[in-house]
Amino acid sequence: AYAGIYNVAFEVSQFVRSSRRAVDPIFGPMIAEQYGAGDRTRLAGTYARGVQWLLTINLLSFGVLVLAGETVLRLYGAEYVPGYATLVILAAAQAMNGALGLSETVLLMAGRPGILFWNTVLLLAMVTGMVMVFINVWGIAGAATGLFLAILFIAICQVFQVLKVAHIHPFN
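Here the structure is a predicted model, which means the values were calculated and not measured. (Residues numbered from 1 in each chain as written. Predicted model: local features only at pLDDT ≥ 70, side-chain atom pairs only at ≥ 80, totals over all residues. Heavy atoms only, no water.)

1. Some points on the overall build of the chain
Stated formally: Only runs of H or I of at least four residues qualify as helices and only runs of E of at least two qualify as strands under DSSP, and these elements are numbered from the N terminus. Burial classes: relative accessible area under 20% of the type maximum marks a residue as buried, over 50% as exposed, and values in between as partly exposed (1.4 Å probe, protein chains only). Contacts: residue pairs with any heavy atoms within 4.5 Å of one another. Charge counting follows a simple rule: Lys and Arg are positive, Asp and Glu are negative, and His as well as the terminal groups are ignored. Taken as the charge centre is NZ of Lys, CZ of Arg, CG of Asp or CD of Glu, depending on the residue.
Of regular secondary structure, the chain possesses six helices and zero strands. Mapped from its N terminus to its C terminus, the chain presents α and β elements in the order α-α-α-α-α-α. The principal-axis extent of the C-alpha atoms belonging to the chain is close to 55 × 30 × 20 Å. Taking all 172 residues of the chain together, the buried fraction comes to 44%. When contacts within the chain are restricted to residue pairs at least 6 apart in sequence, those whose partners lie at least 24 apart make up 76%. The chain carries 9 positive and 7 negative side-chain charges, and their two centres are separated by 9 Å.

Shown next, in the form of structure tokens:
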């Protein structure tokens, strides 16, 4: 039963992430062109603007799920409403991943897919370890917390990796 509740909460939380799916095809080619041309000023502006847009959109989407999450879960059935806390934690993870995830695009367009590969390996190891620990303490909310912390850590690492590779950051 708990796995089903977690799965529904996870699927609903993907609503927050949809903005990133819309923005990546727009910003990817711009970032590639600016990085390839060595235009760090425009690249920094594009990166910062993209993160600001995504942060704004994701916070609004997150707010919608915080306010309407119980109602949305009730659409699946009353037995899913106890997954509300899990939904909020997962939506926060998706908001963070969506907002700072443009760093992945910068690393990819800068020709650094190897960094992304090792970030993914580390993310998988962190999620596995933290979920195994936290689920025993907090149940499915613990699993969501483990995912949130792992995503947050990798997202912050990627911001610093972009700073090292491209000498830009999204907070200017």
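2. Quick look at helix α2 (residues 40-76)
In an α-helix there are 3.6 residues to a turn, and that puts residues three or four apart on one side. Here is the rule we go by: Given a residue, its bend is the angle between the two axes fitted to the seven residues that end at it and to the seven that start from it.
Considering bend angle alone, the principal kink of α2 is centred on A68 and spans about 70°. Phi for G77, located one or two positions after α2, is positive at around 135°.

3. Focus on unusual backbone geometry
Of note in this structure, H167 is not a glycine but carries a positive phi near 60°. Tracing the chain through its elements places H167 in the segment after α6 (140-166). For H167, a relative accessible area of 59% corresponds to the exposed category.

4. Topic: the nonpolar core
Note the cut-off: Each nonpolar core is a collection of buried residues, namely Ala, Val, Leu, Ile, Met, Phe, Trp, Tyr and Cys, held together in the definition by side-chain atoms within 4.5 Å.
Ranked by internal contacts, the top residues of the largest apolar core, which has 23 residues, are L65 and L87. Contributions of two or more residues to this core are made by α1 (2-36), α2, α3 (84-100), α5 (113-138) and α6. Broken down by element, this core gets its largest block of residues, six residues, from α6. If sequence neighbours within four positions are ignored, L87 has contacts with A9, V12, S13, L65, G69 and L73. Core analysis: the next-biggest nonpolar cluster, separate from the first, contains 21 residues, I31, V51, A155 and V162 among them.

5. A word on the environment of I89
Following the sequence through the fold, I89 ends up in helix α3. I89 sits 59 residues away from F148 along the chain, and the two C-alpha atoms are 6.8 Å apart. Not counting chain neighbours up to four residues away, the residues in contact with I89 comprise A141, A144, T145 and F148.

6. Focus on the packing of aromatic side chains
Put simply, the rule reads: Whether two aromatic rings pair depends on their centres lying within 6.5 Å, for rings of Phe, Tyr and Trp, where Trp uses its six-membered ring; planes under 30 degrees apart make the pair stacked, over 60 edge-to-face, and the rest tilted.
Applying the stated criterion to the full structure yields four aromatic pairs. When the centroid spacing of 5.4 Å and the interplanar angle of 75° are considered together, the rings of F27 and W53 count as edge-to-face. In this pair, F27 sits in helix α1 while W53 sits in helix α2, placing the two residues 26 residues apart along the sequence.

7. Regarding the packing of α1 against α2
The condition that has to hold: A fitted line through C-alpha atoms serves as each axis, taken over the contacting stretch for helices, and the angle formed by two N-to-C directions is quoted from 0 to 180°. Note on angle classes: values under 35 degrees are labelled roughly parallel, values over 145 roughly antiparallel, values of 65 to 115 roughly perpendicular, and the remainder oblique. For a crossing to be left-handed, the near helix must be turned anticlockwise from the far one by less than a right angle; the clockwise case is right-handed. Three classes are used, and their members are as follows: Ala, Val, Leu, Ile, Met, Phe, Trp, Tyr, Cys and Pro are nonpolar, Asp, Glu, Lys and Arg are charged, and the others, Gly among them, are polar.
Between α1 and α2, the least distance of the axes is 8 Å, while the angle of their chain directions is 165°. Classified by the angle their axes make, α1 and α2 are roughly antiparallel. Our pair here, α1 against α2, has a crossing hand that is right-handed. The residue makeup of the contact of α1 with α2, split by class, is 20 nonpolar, seven polar and three charged.

8. Comments concerning the pattern of salt bridges
Inclusion rule: One side-chain nitrogen of Lys or Arg within 4 Å of one carboxyl oxygen of Asp or Glu is enough to make a salt bridge.
Taken as a whole, this structure holds three salt bridges when the rule is applied. The salt bridge involving E104 is made with R20; its shortest N-O contact spans 3.0 Å. Highlighted residues: E104 in helix α4 (residues 102-109) and R20 in helix α1, separated in sequence by 84 residues. Residue classification places E104 among the partly exposed positions, given a relative accessible area of 27%. With a shortest N-O distance of 3.6 Å, D39 and R42 are connected by a salt bridge. Residue D39 is classed as partly exposed on the basis of its relative accessible area of 24%.

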